[in-house]
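Descriptive analysis of the structure
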Amino acid sequence: SMKYSNLEKSPEFVEETVKLIENAFEYDKDHSFDKDFYPLVKTDNHKNCYILIDGDEVIAHIGALSRQIKLGNNLYSFTMFGGIAVSEKYRGQGLFKKHFSHVLEKFNGQAFYLLWSEKLDLYEKFNFYPCGKLNEYESSAQDTSYKESSLSSLSTKNLKQLYKLYESTQEIRPLRSQEEWNDLSKMTSIQLYIKQNDQDEIENYFLKNKGKDLTNIIHEYGIIDSKISSYGKLWSPEELQLNSIKLNAFLLHPGENFINFMNDYCHIEIKEINENVEFKFNKEEFQISIKEFLPGVFGPGRFQELQSPYIFIPGAISI
């Protein structure tokens, strides 16, 4: 008989669940999901790793990770879903639909929900729509001003400089607590590169790689700088004077707190939101489909009138 559980209630299934995910994403022996996605599968987050069990076998997993964004004095929570896997022999039976609906219900009150997937038709049934924009930059310029380092080898002073760089960017990024910085040091498939001045202060940094997930991708930086792109492919929502391949970033499902979030984020006053969005901006009223509205706010093809910084979910946080 099938039953819902999570890895906190059923810790005996941890190893089997990781195997199920690794099979679904075709991991090889050189990579490991629990290293690349440590914040998702660490013991503290097992309560948010939802599994479906048939007898004594794990047949599906959906992981959730919630983070916060600060706008002005207000904090907004959002939830990401990842490590989504259904055992091969159970696919096509409608199990995923039930399981995902069951998980979604547990995260009320969020500003929005995110996931990364090419399966647009599948997730549209759950009101997830593609939006967000990442440019991928490649460059031939050579640069040697950054050196590979590690969080564990940095002095307290250097760490504080790093934290400050993360927090003071022009993009809006999720808050990262001390515990989350510690988690990052346990994600050993990510490399840290730093640039120091003559006083040994960290002027800039970037993070590259994340095992199988982000091979040769630079997915986080302090200050956006085109020199960084000589170390790998640089992902950023910012427009740089470099050749870029456009990327769509994520699928977004507006949550119960989305209306307040939009007001704080870009002064859009939403009157009603379902398949169409009725909203007011600069004293004018508009009505467009949600499929047009979300890219209009988050990109690609953003409304020209919007001056808000881009929201950027760095790769180390993404699941």
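For the structure itself, look to the data block above.
Residues numbered from 1 in each chain as written. Predicted model: local features only at pLDDT ≥ 70, side-chain atom pairs only at ≥ 80, totals over all residues. Heavy atoms only, no water.

Time to look at the nonpolar core. Within soluble globular proteins, side chains that are nonpolar generally end up buried alongside one another. If you look at the biggest cluster of nonpolar residues, it comprises 80 residues, and the most contacted ones within it are Phe261, Met262, Ile268, Phe293 and Phe298. Ignoring any residue separated from it by four or fewer positions in sequence, one finds isoleucine 268 in contact with Met262, Asn263, Phe279, Lys280, Phe281, Phe293, Val297 and Leu306. If you look at the next biggest cluster of nonpolar residues, it comprises 22 residues, including Tyr50, Ala60, Ile62 and Leu115. (Core = buried A, V, L, I, M, F, W, Y, C linked by side-chain atoms within 4.5 Å. Buried < 20%, exposed > 50% of the residue type's maximum accessible area, 1.4 Å probe, protein only. Contact = heavy atoms within 4.5 Å.)

This part takes up the pattern of salt bridges. The final tally for this structure, using the stated rule, is 12 salt bridges. A network of salt bridges, in which partner residues are shared, links Lys42, Asp44, Glu179 and Asp183. (Salt bridge = Lys/Arg side-chain N within 4 Å of Asp/Glu carboxyl O.)

Ordered in space as S1-S2-S3-S4-S5-S12-S6-S11-S10-S9-S8-S7, the 12 strands form an open sheet in which the pairing is mixed. Looking at the sheet topology across the chains shown, the edges are occupied by strand S1 (2–6) and strand S7 (147–149). Recorded for the sheet is a direction-independent mean angle of 35° between the axes of neighbouring strands. Strand contacts of helix H6 (residues 156–167): strand S8 (191–196), strand S9 (202–208) and strand S10 (217–221), with the helix running at about 70° to S9, the strand carrying the most contacts. Against the sheet, helix H9 (residues 290–298) makes contact with strand S6 (129–137) and strand S12 (244–254), and its axis sits at roughly 35° relative to S6, the strand it touches most. (Pairing = 2+ DSSP bridges. Helix = DSSP H or I, 4+ residues; strand = E, 2+ residues; numbered from the N terminus. Axes fitted to C-alpha atoms, helices over the stretch in contact; angles between N-to-C directions.)

When two helices pack together, their arrangement is given by the angle between the helix axes and by the axis-to-axis distance. Packing of helix H8 (residues 258–266) against H9 leaves a shortest axis separation of 12 Å and a crossing angle of 35°. The handedness of the crossing between H8 and H9 is left-handed. For the pair H8 and H9, the contacting residues are Phe258, Phe261, Met262, Tyr265 and Cys266 in the first and Phe293, Leu294, Val297 and Phe298 in the second. Among the residues forming the contact of H8 with H9, the class breakdown is 9 nonpolar, no polar and no charged. (Left-handed = near helix turned anticlockwise from the far one by under 90°. Nonpolar A, V, L, I, M, F, W, Y, C, P; charged D, E, K, R; others polar.)

Taken together, the side chains of Asp198, Asp200, Glu201 and Glu203 make up a negatively charged region of the molecular surface. Within the fold, glutamate 203 resides in strand S9. (Patch = residues over 30% accessible without salt bridge, like charges linked within 9 Å, V, L, I, M, F, W, Y side chains within 5 Å. Areas by Shrake-Rupley, 256 points an atom, 1.4 Å probe, with all protein chains shown as cover. Lys, Arg positive; Asp, Glu negative; His and termini not counted. Charge placed at Lys NZ, Arg CZ, Asp CG, Glu CD.)

For the rest of this paragraph, the subject is the packing of aromatic side chains. With the rule as written, the count across this model stands at 31 aromatic pairs. Centroid distance tyrosine 50 to phenylalanine 107: 6.3 Å. Interplanar angle 90°. Geometry classified as edge-to-face. Of the two residues, tyrosine 50 is situated in strand S2 (residues 49–54) and phenylalanine 107 in the loop between helix H4 (95–104) and strand S5 (112–115); the sequence distance between them amounts to 57 residues. Note on tyrosine 50: relative accessible area 8%, which makes it buried. For phenylalanine 107, a relative accessible area of 9% puts it in the buried group. Between tyrosine 221 and phenylalanine 312, the ring centres sit 5.8 Å apart and the planes meet at 20°, which makes this aromatic pair stacked. Remark: phenylalanine 312 occurs in the segment after H9 and tyrosine 221 occurs in strand S10; sequence separation between them is 91 residues. For the residue pair tyrosine 221 and phenylalanine 312, the accessibility class agrees, reading buried in each case. Sitting above the plane of the tyrosine 221 ring, arginine 173 keeps its charged end 5.1 Å from the centroid. Between the NZ or CZ atom of arginine 302 and the centre of the ring of tyrosine 310, over which it lies, the distance is 4.3 Å. (Phe/Tyr/Trp six-rings, centres within 6.5 Å; stacked < 30°, edge-to-face > 60°. Lys NZ or Arg CZ within 6 Å of the ring centre and 35° of its normal.)

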